[in-house]
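Given next are the chains, with one letter for each unit.
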Amino acid sequence: MRVAVVKERLDGEKRVAATPETVKKLAGREIEVVVEAGAGFAAGFRDQAYKDAGATVAEDREQTLKGAHVILTVRGLAKDELEPVDKGALLVGLINPYQNGALVKAYADKGVLACAMEFVPRITRAQAMDVLSSQSNLAGYKAVLDATEHFPRAMPMMMTAAGTIAPAKVFVMGAGVAGLQAIATARRLGAVVSATDVRPAAKEQVESLGGKFVMVDSEETREAETAGGYAKEMSDDFKQKQAELVAETIKKQEIVITTALIPGKKAPTLINAEMVRSMKPGSVIVDLAVEQGGNCTLSKAGEVVLDDKSGVTIVGHTNVASRLPADASSLYAKNLLNFLDLLTAKGKDLEIDFEDDIVQGVLLTKDGGVVHPNLAKAA
Ligand code: NAD
């Protein structure tokens, strides 16, 4: 079997889908690995390290993709990059299928088996392949550091001869994987942390990290979690109550990290301009949901906005995990290696069990059609 590892083309994408460590594991199983020249450079992995691990380095994209049975990517391949890809090849990446319907159709037309890693089911057996968790965890950590960069105060309490500095007050909205890591990171830096979510199960997790949990008291939260562990979209009545709670809480906070997402939908709006303007000047909001439409109405994707009416900074970095490209690549590459273990039964050739629930969860296209149940209807 031949595995190709491409150099990412998307602006700002510094991650790579295989590291010398994962290449060594594949090469040790007599799998031929071809890495596009420079693929790992932005993440700190040189071509020579891939060669030392047993890969061949190809000078261009065409040579990399030609004859590949498996193509490992971070962000998939663009439509115009599919020409050298063989029919029946397996393409793995973060494909963002809900937003990229036309691209998924192009994969189907090309006859590739496209796998969207963001669709790995949140089940115990799939944890080692769970790219959303590995990347969100890093994003949650980095969000707190990004906040400190713009925050004009220190995070911990400091008692000095010149006086005492109070600890920073941090509020985390959405206590999933990213939110919980943001809470842990802010606590490690000495902040006083509170957090909210719509899923009552989050309370215990927030408290175990030393955070205070605040939540709308409503019957509706009992039904807020889907079987997959995700949040549902809430009713207008709930949204109104939540807005009141957020308005009351946020004016006492100095750093707010928002991470709230609903799969396949626009991110819920949790902070409006009036709420931002109730915060003290110098406060910072980091909107990790900015690529899905944002949790804060004033955030702008890819920008750091200083709201001149309030003096509050709103950080809207996109692709936050890629801001830690070495660790993000190492974890992502291991997720993909574990996924390949499933697809090859740890051998050297593909032996895909199309009945497997993880395979069914991620597989978008097969035999020239869109097969994923969440997309097939739309296609
Ligand atoms: P996510 O990125 O989809 O959303 C982030 C958080 O925002 C979630 O906790 C969600 O409940 C919350 N949220 C959504 N709407 C909100 C609103 N209006 N107000 C406040 N908060 C809101 O979530 P995630 O981090 O991917 O985690 C999703 C679930 O998957 C969680 O239950 C997590 O525990 C679970 N999980 C399970 C596994 C596993 O292998 N078993 C692995 C990772 C995550």
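The rules behind the values
- Residues numbered from 1 in each chain as written.
- Predicted model: local features only at pLDDT ≥ 70, side-chain atom pairs only at ≥ 80, totals over all residues.
- Heavy atoms only, no water.
- UniProt positions renumbered as here; feature names shortened; annotations may be inferred.
- pLDDT = per-residue confidence, 0-100.
- Helix = DSSP H or I, 4+ residues; strand = E, 2+ residues; numbered from the N terminus.
- Contact = heavy atoms within 4.5 Å.
- Pairing = 2+ DSSP bridges.
- Axes fitted to C-alpha atoms, helices over the stretch in contact; angles between N-to-C directions.
- Core = buried A, V, L, I, M, F, W, Y, C linked by side-chain atoms within 4.5 Å.
- Buried < 20%, exposed > 50% of the residue type's maximum accessible area, 1.4 Å probe, protein only.
- Near = heavy atom within 4 Å.
- Polar contact = N/O pair within 3.5 Å; in protein donor to acceptor, adjacent residues only side chain to side chain.
- Areas by Shrake-Rupley, 256 points an atom, 1.4 Å probe, with all protein chains shown as cover.
- Nonpolar A, V, L, I, M, F, W, Y, C, P; charged D, E, K, R; others polar.

- Labelled according to an unreviewed UniProt entry, the chain appears under the name NAD(P) transhydrogenase subunit alpha part 1, originating from Rhodothalassium salexigens DSM 2132.
- Here is the UniProt Function (unreviewed entry) comment for the chain, exactly as written: "The transhydrogenation between NADH and NADP is coupled to respiration and ATP hydrolysis and functions as a proton pump across the membrane."
- According to the UniProt record, the Sequence similarities (unreviewed entry) comment for the chain is "Belongs to the AlaDH/PNT family."

Some thoughts on the confidence of the model for the chain
Line of reasoning, step 1. Scored by pLDDT, the chain has a mean of 96; 99% of the residues are at 70 or more.
Line of reasoning, step 2. Two numbers describe this predicted complex: its pTM, 0.95, and its ipTM, 0.95.

Concerning the side chain of Q135
Line of reasoning, step 1. Turning to its location among the elements, Q135 is positioned in helix α5 (residues 131-150).
Line of reasoning, step 2. Filtering out sequence-adjacent residues up to four positions away, Q135 remains in contact with R15, A321, A328, L331 and Y332.

Considerations on the sheet that holds strand β5 (residues 90-93)
Strand pairs in the sheet, formed through backbone hydrogen bonds, run parallel or antiparallel to each other.
Line of reasoning, step 1. Here we have 6 strands laid out as an open sheet, ordered β3-β2-β1-β4-β5-β6, and parallel in their pairing. Here the strands that pair on one side only, and so sit at the sheet edges, are β3 (56-58) and β6 (113-116). Taking the axes of each pair of neighbouring strands and ignoring which way they run, one obtains an average angle of 20 degrees across the sheet.
Line of reasoning, step 2. Here 4 bridges tie β5 to β6, and the two strands are oriented parallel to one another. Across the sheet, the residue bridging to G93 is A116, located in β6.

A short note on the nonpolar core
Line of reasoning, step 1. Core analysis: the largest hydrophobic core is formed by 63 residues, its most contacted members being I71, L72, L77, Y107, M117 and F339.
Line of reasoning, step 2. Counting residues per element, this core draws most heavily on helix α10 (residues 325-344), which supplies 6 residues.
Line of reasoning, step 3. Setting aside chain neighbours within four positions, we find L77 in contact with V6, R61, L65, I71, L82, V85, L91, L103 and Y107.
Line of reasoning, step 4. Of all hydrophobic cores here, the second largest spans 28 residues; its members include F151, A168, I257 and V315.

Thoughts on the site of the ligand
Line of reasoning, step 1. Within the structure, the ligand sits among 21 residues, and V177, D197, R199, G229 and Q242 are positioned closest to it.
Line of reasoning, step 2. The contact in question runs from an oxygen atom of the ligand to an N or O atom on the backbone of G176, over 3.1 Å.
Line of reasoning, step 3. Notes on the ligand: free accessible area 840 Å², of which the protein chains cover 86%.
Line of reasoning, step 4. Of the residues in the shell around the ligand, the class split is 10 nonpolar, 7 polar and 4 charged.

Here's the deal with the environment of T249
Line of reasoning, step 1. Relative to the assigned elements, T249 resides in helix α8 (residues 236-250).
Line of reasoning, step 2. Remark: the alpha-carbon pair of T249 and R323, spanning 74 residues in sequence, is separated by 30 Å.

Here's the deal with the sheet that holds strand β11 (residues 212-213)
Line of reasoning, step 1. The sheet built from 7 strands is open, its strands ordered β11-β10-β9-β12-β13-β15-β14 with mixed pairing. A strand with exactly one partner marks an edge of an open sheet, and here the two such strands are β11 and β14 (304-307).
Line of reasoning, step 2. Where strand β10 (residues 192-196) meets β11, 2 bridges bridge the pair, whose relative direction is parallel. For A195, the partnering residue across the bridge sits in β11 and is F213.

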